[in-house]
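Tertiary structure, described
One letter stands for each residue in the lines below.
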Amino acid sequence: MVRGQLMSRGVRDKRVLAAFSKVPREEFVPRDSRTASYADQPLPIGYDQTISQPYIVAFMTEQLHPSSSDRVLEIGTGSGYQAAVLAELVAEIYSIEIIEPLAKSAQTTLQRLGYKNVHVKVGDGYKGWLEHAPFDAITVTCAPDHVPQPLIDQLKEGGRMIIPVGSFGDQELYLLEKKNGELKRRAVLPVRFVPMAGEAAKK
Ligand code: SAH
């Protein structure tokens, strides 16, 4: 997976590639799709949700330029896989999932694998996690119609956010950087994420 799907498509960051070699993806995939754990595609994890394609997780992770002292906010814990990859790379992950059973199951998996620096809570990620803000980086794995203002507010000066924006079939992944109080925004990849649930995410 690392060579055939990630390096071949241009993922170069050595720390990011090492993190992918380390995290056992099969632990985050439901039992009946384990044989497809390392396939080049998203996989269902129940509740109409998916664990993202490995390349997309790697691309998003690399775009955040993760450093070992970073505190990162993730919206959409899902299976917990992206949180585990990030946990190999940064100091603390704060991850929010709106579907309670998914949050519980991700938490159980992460604990079993010994990840102590991932903190999962059930809630609407649109609002971010004020108690632990500001964050060095924010990764969003479900798509709202617009970039949530609370997430912009909770991003540190110099911080980076990667977020899919738009409706299904017409989504772009944006990279946002906060510099001198201003937000630079750049579309980096057309993508297909599940919509962000909750009223606030829709304009
Ligand atoms: N990062 C995940 C992929 C998750 S898919 C992984 O590695 O497996 C997107 C997730 O976002 C789904 O689990 C979905 O339930 C969750 N989600 C959707 N809307 C949300 C919201 N408003 N707040 C938090 N999580 C949300």
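The notes below deal with the structure included here. (Residues numbered from 1 in each chain as written. Predicted model: local features only at pLDDT ≥ 70, side-chain atom pairs only at ≥ 80, totals over all residues. Heavy atoms only, no water.)

Remarks on the overall build of the protein chain
Each helix and strand counted, the protein chain has six helices and nine strands in total. What you see for the protein chain is a C-alpha radius of gyration of 15 Å, in line with the 17 Å of a compact globule of 203 residues. Referenced to the eigenvectors of the C-alpha coordinate spread, the extents of the protein chain come out at roughly 45 × 35 × 35 Å. Looking at the protein chain as a whole, 53% of its 203 residues are labelled buried. Sequence separation of at least 24 residues holds for 54% of the intrachain contacts in the protein chain that already meet a minimum separation of 6. Here the protein chain has roughly 9600 Å² of accessible surface; of this, 50% comes from carbon and sulfur atoms. (Helix = DSSP H or I, 4+ residues; strand = E, 2+ residues; numbered from the N terminus. Rg over C-alpha atoms; globule rule 2.2 N^0.38 Å. Buried < 20%, exposed > 50% of the residue type's maximum accessible area, 1.4 Å probe, protein only. Contact = heavy atoms within 4.5 Å. Areas by Shrake-Rupley, 256 points an atom, 1.4 Å probe, with all protein chains shown as cover.)

Section: the nonpolar core
Within the largest apolar cluster, 45 residues are counted, with the highest numbers of intra-cluster contacts made by Leu6, Phe20, Tyr81, Ile93, Leu110, Val118 and Leu173. The residues contacting Ile93, other than those within four sequence positions of it, are Val72, Glu74, Ala83, Leu86, Ala87, Asn117, Val118 and His119. Within the second largest apolar cluster, 21 residues are counted, among which are Phe135, Ile138, Val140 and Met161. (Core = buried A, V, L, I, M, F, W, Y, C linked by side-chain atoms within 4.5 Å.)

Thoughts on the pattern of salt bridges
Pairs can form between side chains of opposite charge once their charged atoms are near each other. The tally for this structure, following the rule as stated, stands at seven salt bridges. For Glu177, the salt bridge is made with Arg160, and the minimal N-O distance between the two is 3.0 Å. With Glu177 in strand S8 (residues 170–179) and Arg160 in strand S7 (residues 155–167), this pair connects stretches of sequence that are 17 residues apart. For the residue pair Glu177 and Arg160, the accessibility class agrees, reading buried in each case. Here Glu177 falls in the buried class, since its relative accessible area comes to 14%. (Salt bridge = Lys/Arg side-chain N within 4 Å of Asp/Glu carboxyl O.)

A few points about helix H2 (residues 14–22)
When we look at burial in H2, the residues that qualify are Val16, Leu17, Ala19 and Phe20. The buried side chains of H2 occupy one side of the element, clustering within an arc of 155° when seen end-on. Exposed residues lying more than 90 degrees from the buried face of H2 are Lys14, Ser21 and Lys22. Next to the buried residues of H2 lie helix H1 (2–6), helix H3 (54–63) and helix H4 (81–87). Measuring from the side-chain oxygen of the N-cap residue of H2 to the backbone nitrogen of Arg15 gives 3.0 Å; that N-cap residue is Asp13. (Arc of directions from axis to C-beta. Polar contact = N/O pair within 3.5 Å; in protein donor to acceptor, adjacent residues only side chain to side chain.)

Quick word on the pairing of strand S5 (residues 118–122)
Across five bridges, strand S4 (residues 92–97) lies against S5 in parallel orientation. Bridge pairing links Ile96 to Lys121 in S5. For the segment spanning S4, helix H5 (residues 100–112) and S5, crossover handedness is right-handed. (Pairing = 2+ DSSP bridges. Right-handed = clockwise from strand over helix to strand, strands pointing away.)

Description of the packing of aromatic side chains
Enumeration according to the criterion identifies five aromatic pairs in this entry. When the centroid spacing of 5.8 Å and the interplanar angle of 65° are considered together, the rings of Phe28 and Tyr81 count as edge-to-face. One end of the pair, Phe28, is in the loop between H2 and strand S1 (43–46); the other, Tyr81, is in helix H4, and 53 residues separate them in sequence. The same class applies to Phe28 as to Tyr81, namely buried. Seen from their ring centres, Tyr55 and Phe59 are 6.0 Å apart, and the 45° between their planes marks the pair as tilted. Within this pair, Tyr55 and its partner Phe59 are both found in helix H3, separated by four residues, close to a single helical turn. For Phe59, a relative accessible area of 11% corresponds to the buried category. Feature note: the residues Phe20, Phe28 and Tyr81 constitute an aromatic cluster, connected by ring pairs. Between the NZ or CZ atom of Arg185 and the centre of the ring of Tyr174, over which it lies, the distance is 4.2 Å. (Phe/Tyr/Trp six-rings, centres within 6.5 Å; stacked < 30°, edge-to-face > 60°. Lys NZ or Arg CZ within 6 Å of the ring centre and 35° of its normal.)

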